[in-house]
Amino acid sequence: MKHFQPREAWAWLQAHADDPSEQAPLFVDVRMEIESLYVGRPPGVVNVPWYEYPDLAADPARFARQVEAEAESKQRPILLICRSGKRTLEAAQALEAAGFTDVAHVVHGFEGELDDRFHRSTVSGWRYEGLPWEQM
């Protein structure tokens, strides 16, 4: 598994987006759909939740099947993002266990770590770094 800081992840996506000699990475947001829509998300992500409401229980085999359906190949590079970079570690491990060969995640995720006032997007993360994002 590769560990990319947010700016590294964005640069990696851009560098591989238009190269006809290789398959473009699949950018996967593993947060619940409501998080992705209302909190915001990077443009171009596909939402495949690691877990979803109301169960809030991960199903690694289901997750791997859904990512494979989106990717169409276990050899396609996969980049995962979540809120703070923790869910993506488990999700990436599940993908590797399922046979995916090129998996990376965004360290600190979309919103980053909590600050001393328990706020996010003030210390680290995709949004903190000023990278492109959209919100419903």
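Each remark here, short or long, concerns the structure printed above.
Residues numbered from 1 in each chain as written. Predicted model: local features only at pLDDT ≥ 70, side-chain atom pairs only at ≥ 80, totals over all residues. Heavy atoms only, no water.

Draft legend 1. Spotlight on the sheet that holds strand β1 (residues 2-4). The five strands are arranged β1-β5-β4-β2-β3 in an open sheet whose pairing can be described as parallel. At either end of the open sheet lies a strand with only one pairing partner, and these are β1 and β3 (46-47). As defined by bridge partners, β1 adjoins strand β5 (residues 103-106) across three bridges and the pair is classed as parallel. By the bridge assignment for β5, H3 is matched with H105. (Pairing = 2+ DSSP bridges. Helix = DSSP H or I, 4+ residues; strand = E, 2+ residues; numbered from the N terminus.)

Draft legend 2. Looking closely at the packing of aromatic side chains. With the rule as written, the count across this model stands at five aromatic pairs. For the ring pair W50 and F63, a centre distance of 5.1 Å and an interplane angle of 85 degrees mean the geometry is edge-to-face. Placement of the pair is W50 in the loop between β3 and α3 (60-71) and F63 in helix α3, with a sequence separation of 13 residues. By relative accessible area, F63 is classed as buried at 0%. Ring geometry for F110 and W133: centres 5.9 Å apart, planes at 75 degrees, overall edge-to-face. With F110 in the segment after β5 and W133 in the segment after β5, this pair connects stretches of sequence that are 23 residues apart. Judged by relative accessible area, which is 0%, F110 ranks as buried. In this structure an aromatic cluster arises from ring pairing among W10, F27 and W126. (Phe/Tyr/Trp six-rings, centres within 6.5 Å; stacked < 30°, edge-to-face > 60°. Buried < 20%, exposed > 50% of the residue type's maximum accessible area, 1.4 Å probe, protein only.)

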